[in-house]
Amino acid sequence: MSLFAGVGGGGAGADSASAGGTGRALLELTPHKVAVCHLVQVFAPPAQAGGDVVPPFPFESVAHHNRLGLFLFTLTRSCDDFREPSLEELLRQLKAVDDLTNGWLCEQLTSTLSALNSPDDLFNFFDKLRGVLTAPEGASAEDIFLDPNSQLGVFLRCCILAFNSMTFEGVCHLLADLVMYCNSADASYDLAEDEDFDSEMSNLMDADIGSQAGIFEKYHQSYASESHMGESSSALTRAPVSLHDFDEANTFKVDDNPTCLRSRWQLEAYLNQQADILEKDPSSVPLNSFNATMTQLQTLAPELHRVQFLQYLNALSHDDYVAALDNLHRYFDYSAGMQGLFARSVSPAQDIVVGKYESALLCLGNLHCYFGHPKKALEAFAEAVRVSQMNNDDSCLAYVLGAISNLLSKIGMSNTVGIISSPYSPGTNIGLGTPLSIQQQLLVLLKRSLKRADVLKLPSLLSFDHLSLAKFDLKHVQRSLVSFGPNASTKLRTCPADVCKNLRLSSRVLTDFGTDILSTSNENGSFSTSWLRNLSTASDSWRSNSMKSTKLHNDFDSFHYHAQPSPVPASVLQLAGSSYLLRATAWEHYGSAPMVRMNALVYATCFADAASSSELSLAYIKLIQQLAMFKGYSAAFCALKLAEKKFPSSTSSHIQLLKMQILHERALHRGHLKVAQQICDEFGVLSSSVSGVDIELKTEASIRRARTLLAAKQFSQAAAVANSLFSTCYKYNMQVENASVLLLLAEIHKKSDNAVLGLPYALASQSFCKSFNLDLLEASSILTLAELWLALGSGHAKRASSLVHQSLPMILGHGGLELRARAHIVLAKCHLSDPKFSVPEDPEAVLDPLNQATQDLQVLEYHEMAAEAYYLKAMAYNYLGKLDEREEAAACFKEHITALENPRNEEDSLAY
């Protein structure tokens, strides 16, 4: 029976590399690798024909035996650091596996390493390792031996080949490093040094073996082309003895151990892990400390150019434009030709040229997009498209098209003709000399990128394009390019079914990942790294339980994994989770509050580990907004405090914007107009002065400014701000926002006692809502329409009542506290305005909605609307002849009017 058979293929690569006659070892042999080789020999001792299929000594069970194998597997795959661990760290980790043997593995390891006193001892040691990989004559399928093509088998073969390729001086280097490696461990392990070894090695170590300058001159050996799991690996760099180690407290210390870098594959995995940390939580990565660590790694491994790319990402996440641009230039100046960003089906000779310039332009465009330079970003992307087409770099071209579509969807631009391409070039006009609009260009780019991603089998880009199409279908009405003639489509509405279809197709990236790929080796090192990190925690909990009993019969159950990460790559989980986040946004547009909460909770619960801090904060924002709408500001601010602790202000501007929005709403409801105006000014400061950048934030700031002016009864100024905002939204084709602006204009005219002018705006808003399936906003516009009809006189009470009843199911089912209270008040006003309605005959029809409205408004502290509700209650009680109830309602009315006209302690509106 072959242990770990099929874990990785790479044996052929090892043989071919050794047959190449280069004379270079696949990896540099270090004391840590010698220690791992010994543990592999204990795990899979030399096979003997006819042996019983039982766990070898000293293992008590198959589970215990497999535990050591899993530990050795993770040792060769972990990427928690770019340096190999010391003997003390290795022994500490090994103790978690060695408890059932009373420290036998640790004792054997230390005694074996200390017994390696001469080159002959090393030769005998590696000669015995050959028996681990060789099946004896007459061995059957049931005999246990290590598969040479497995992960551990390839590791042993590389170590044996490295030893066979070493010169005598190199063996002496290894022996000297073994002495320092053993002496660096804790004294409690009793690492003895043999006298014979001291005498034989005295001539080799009398120079300055203890000095921090190094024992011998630095070695630099490299992999040929082999690595674990069949991936490319190259240099294993030997670091000097004196090495500055950056510890957890961000202070430098001197490490006297002989320190060597890990394999090239592990270094790449380490850099990828650091990039994931930068994306998920940039606040946890100090700018200068991280750069110091990367500079140290770059000094030890100058050929590892991706360190510069990681420094670019670090500067980008800390908003350092100059440093980001400098590191990006340095990375592509030195490396991108040999370390391209995309896999291509071209020969290795062409890879030096293809992909360097267009990949650099793609990253440069993303840099400009991040810092708010849309025109420069489009120029870089346009040049990347040209170069990619010239070099037939289809993968890069697909990603560039996706980046352009992402830019056009996020940053408002009124016109891009002449930047992307000529207005008369194919694909940008309808054949009549008329250039396409920005939205039509965006749709063309999205479909082109989607088609290329499908042909090139790029699942991540394919999922991203489906998400982008769903976002496009959510906010834009797709019209045919030829919009006239008998076959012209008359459908002028968005299609929720298309949105749902693209969202489902985007989440299929997780399904397409599939069990077939999960069964193969796709582990990028993060799983092994987390497993080793949690090993000590598992050991402590197991040890505390084992002290109560002398022996555990089921030792496998006592070994806990402590929430190991999913083997599915984080990028796949991130894309799958993004579909749920976009689902929540879609249901916000369509007006289903329960679906918003459900999808946001699914994202925050199931995809939090893979999500970036920016996207995860958006899920929290949606949940907090739902709390503010349905539970009031107290519950929302309690949740907001928790979100601020989880997402510091330095990393999440979304949380700060949400706080400003809720504070502004509460200030308007309380009548604290000075505070509301102050928050509006802060909104204006946060938005960029560059045209088109932060267009959504600018829209939000203008809407809140207009609402503040409306609350101050400055109707003409509020209307001017709203009209200007409508022009801006029309210019950038923000039709969904236009529906809200039109409704705001109707509200302004309603409160200025000009209902006739408000009716067209309310009807236009209702038309926009129908086109974009904004059901809840449409119900609000119908409610405003009913109020406008009521303002025209009591003769329109029946029509207004019919409109209110038309909107009530949607409002009561999905509306927040404010919208429900408003609907109840308008319903009561319809009854009281109707000359045919008699309050004494049906008092509950008026009092029940008013009582519900006052309860909801009490939670919101909405003085103006609460005063109106109590005024109507006083009128109803007056009709009923209930004087005490009337006086009580009148007193509440006066209290709210006083609080509105004479606000006190306005500073309290900024506290929460």
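We now turn to the structure provided with this report. Every value quoted in this text rests on a predicted model; they were computed, and no experiment measured them. Every chain is numbered independently, its residues counted from 1 as its sequence is written. In keeping with the predicted nature of the model, local features appear solely for residues at pLDDT of at least 70, side-chain atom pairs appear and are counted solely at 80 or more, and the whole-chain, interface and lining totals rest on all residues. Where side-chain values are given, they derive from all heavy atoms of the structure, hydrogens and water being excluded.

1. With respect to the overall build of the chain
The way it works is that DSSP assigns letters per residue, a run of H or I at least four long becomes a helix, a run of E at least two long becomes a strand, and they are numbered from the N terminus. In terms of helices and strands, the chain carries 36 helices and six strands. Note on classification: 1.4 Å probe, protein chains only; a residue is buried when its accessible area is under 20% of the maximum for its type, exposed when over 50%, partly exposed between these limits. Taken across its 912 residues, the chain has 50% of its residues classed as buried. Residue contacts are defined here by distance: any two heavy atoms, one from each residue, within 4.5 Å place the two residues in contact. Residue pairs at least 24 apart in sequence account for 70% of intrachain contacts in the chain once pairs closer than 6 positions are excluded. Residue exposure ignores everything except the shown protein chains as possible cover, and the areas themselves are Shrake-Rupley values with a 1.4 Å probe. Put simply, the chain shows about 41700 Å² of open surface, and 53% of that area lies on carbon and sulfur atoms.

2. Side note on the packing of aromatic side chains
Ring pairs shown here join Phe, Tyr and Trp side chains whose ring centres sit within 6.5 Å, with only the six-membered ring taken for Trp; geometry is labelled stacked below 30 degrees between planes, edge-to-face above 60, and tilted in between. Throughout the structure, instances matching the rule amount to 12 aromatic pairs. Relative to Tyr590, the ring of Trp587 lies with its centre 6.0 Å away and its plane at 85°, an arrangement referred to as edge-to-face. Placement of both Trp587 and Tyr590 in helix α21 (residues 570-590) is noted, with a separation of three residues, approximately one turn of the helix. On the basis of relative accessible area, Trp587 is assigned to the partly exposed category, the value being 32%. A relative accessible area of 10% means that Tyr590 is categorised as buried. Put simply, the rings of Phe309, Tyr312, Tyr331 and Phe332 touch in pairs and so form one group of aromatic residues.

3. Thoughts on the pattern of salt bridges
A side-chain nitrogen of Lys or Arg and a carboxyl oxygen of Asp or Glu constitute a salt bridge if their distance falls within 4 Å. Tallying each qualifying case throughout the model produces 21 salt bridges. One salt bridge in this structure joins Glu665 and Arg707, with 2.6 Å as the shortest N-O distance. In this pair, Glu665 sits in helix α25 (residues 653-670) while Arg707 sits in helix α27 (residues 695-711), placing the two residues 42 residues apart along the sequence. Assessed through its relative accessible area of 25%, Arg707 is described here as partly exposed.

4. Topic: the environment of Ala746
On the secondary structure map, Ala746 appears in helix α29 (residues 735-751). Not counting the four nearest positions on each side in its chain, Ala746 is found in contact with Gly758, Tyr761, Ala762, Thr784 and Leu788.

5. Quick word on α27
Its 17 residues place the ends of α27 24 Å apart at the C-alpha level, agreeing with the 24 Å of an ideal helix rising 1.5 Å per residue. Three or more residues of α27 are buried, namely Ile695, Leu697, Lys698, Thr699, Ala701, Arg704, Ala706, Thr708, Leu709 and Leu710. In this fold, the buried residues of α27 make contact with α25, α26 (673-686), α28 (715-731) and α29. Where α27 ends, the next residue or the one after it, Lys713, has phi of about 65°, a positive value. To estimate the expected span of a helix, count its residues, drop one, and scale the result by 1.5 Å.

6. A look at the nonpolar core
Side-chain atoms within 4.5 Å are what join buried Ala, Val, Leu, Ile, Met, Phe, Trp, Tyr and Cys residues into a set we call a nonpolar core. Tyr603, Ile624, Ile662, Phe683, Ile825 and Leu857 are the most contacted members of the largest nonpolar core, which totals 55 residues. By residue number, the principal contributor to this core is α25, which donates eight residues. Sequence-distant contacts of Ile624, defined by excluding residues within four places in its chain, comprise Ala636, Ala639, Leu640, Ala643, Leu658 and Ile662. By size, the runner-up hydrophobic cluster in this structure holds 51 residues, among which are Leu68, Leu91, Cys159 and Leu174.

7. Concerning the side chain of Asn599
Among the secondary structure elements, Asn599 is positioned in helix α22 (residues 593-606). A distance of 2.8 Å separates the side chain of Asn599 from the backbone oxygen of Met595, its partner in a polar contact. If near-sequence neighbours (up to four positions away) are discounted, Asn599 is found in contact with Tyr580, Arg583, Ala584 and Trp587. Whenever two N or O atoms come within 3.5 Å, that pair is a polar contact, provided that in protein one can donate a hydrogen and the other can accept it, and provided that, for residues adjacent in sequence, both atoms are side-chain atoms.

8. Describing the packing of helix α14 (residues 356-370) against helix α16 (residues 394-410)
The convention used is that axes are lines fitted to C-alpha atoms, helices contributing only their stretch in contact, and that angles between N-to-C directions extend from 0 to 180 degrees. Interaxial distance between α14 and α16 falls to 10 Å at its minimum, and their mutual angle equals 15°. Looking at the two axes, α14 sits roughly parallel to α16. Handedness of the crossing formed by α14 with α16: left-handed. Every residue of α16 that contacts α14 at Glu358, Ser359, Leu362, Asn366 and Cys369 is listed here: Cys396, Tyr399, Val400, Ala403 and Leu407. Classifying every residue of the contact of α14 with α16 gives seven nonpolar, two polar and one charged. Angles are sorted into four bins: roughly parallel if under 35 degrees, roughly antiparallel if over 145, roughly perpendicular if 65 to 115, and oblique for all others. By the definition used in this description, the sense in which the near helix is turned from the far one sets the handedness, with an anticlockwise turn below a right angle giving left-handed and a clockwise turn giving right-handed. Only Asp, Glu, Lys and Arg are considered charged in this grouping, and only Ala, Val, Leu, Ile, Met, Phe, Trp, Tyr, Cys and Pro are considered nonpolar; every other residue, Gly among them, is considered polar.

9. A word on helix α5 (residues 104-114)
Structurally, the α-helix is built with 3.6 residues per turn, so residues lying three or four positions apart point the same way. Inspection of α5 places Leu105, Cys106, Leu109, Thr110, Thr112 and Leu113 among the buried residues, and these make up the whole buried set. Buried positions in α5, seen along its axis, are confined to an arc of 165° and lie on one side of it. The directions from the helix axis to the C-beta atoms form the arc being described.

10. Concerning the environment of Leu850
Mapped onto the secondary structure, Leu850 falls in helix α34 (residues 844-860). On the basis of relative accessibility, which here comes to 0%, the residue Leu850 falls in the buried class. The sequence separation of Leu850 and Leu827 amounts to 23 residues, and the corresponding C-alpha distance is 8.9 Å. If we skip the residues at most four places from it in the chain, Leu850 touches Ile825, Ala828, Ala869, Leu872 and Lys873.

11. Some remarks on the packing of α21 against helix α23 (residues 613-630)
Helix packing for two helices is described by the angle between their axes and how far apart those axes are. The interhelical angle for the contact between α21 and α23, taken along N-to-C directions, is 30°, at an axis separation of 11 Å. As summarised for this structure, α21 and α23 are arranged roughly parallel, according to the angle between their axes. The element α21 and its partner α23 pack so that their crossing is left-handed. Where α21 approaches α23, its residues Gln574, Ser578, Leu581, Ala584, Thr585 and Glu588 are matched on the opposing element by Glu615, Leu618, Ala619, Lys622 and Gln625. When grouped by side-chain class, the residues that make up the contact of α21 with α23 number four nonpolar, four polar and three charged.

12. Describing unusual backbone geometry
The phi dihedral of Lys457 is positive, around 60°, even though this residue is not glycine. With respect to the secondary-structure elements, Lys457 resides in the loop between α17 (438-455) and α18 (459-475). Of the residues examined, Lys457 reaches a relative accessible area of 65% and is grouped as exposed. Unlike most non-glycine residues, Lys713 shows phi in positive territory, near 65°. Mapped onto the secondary structure, Lys713 falls in the loop between α27 and α28.

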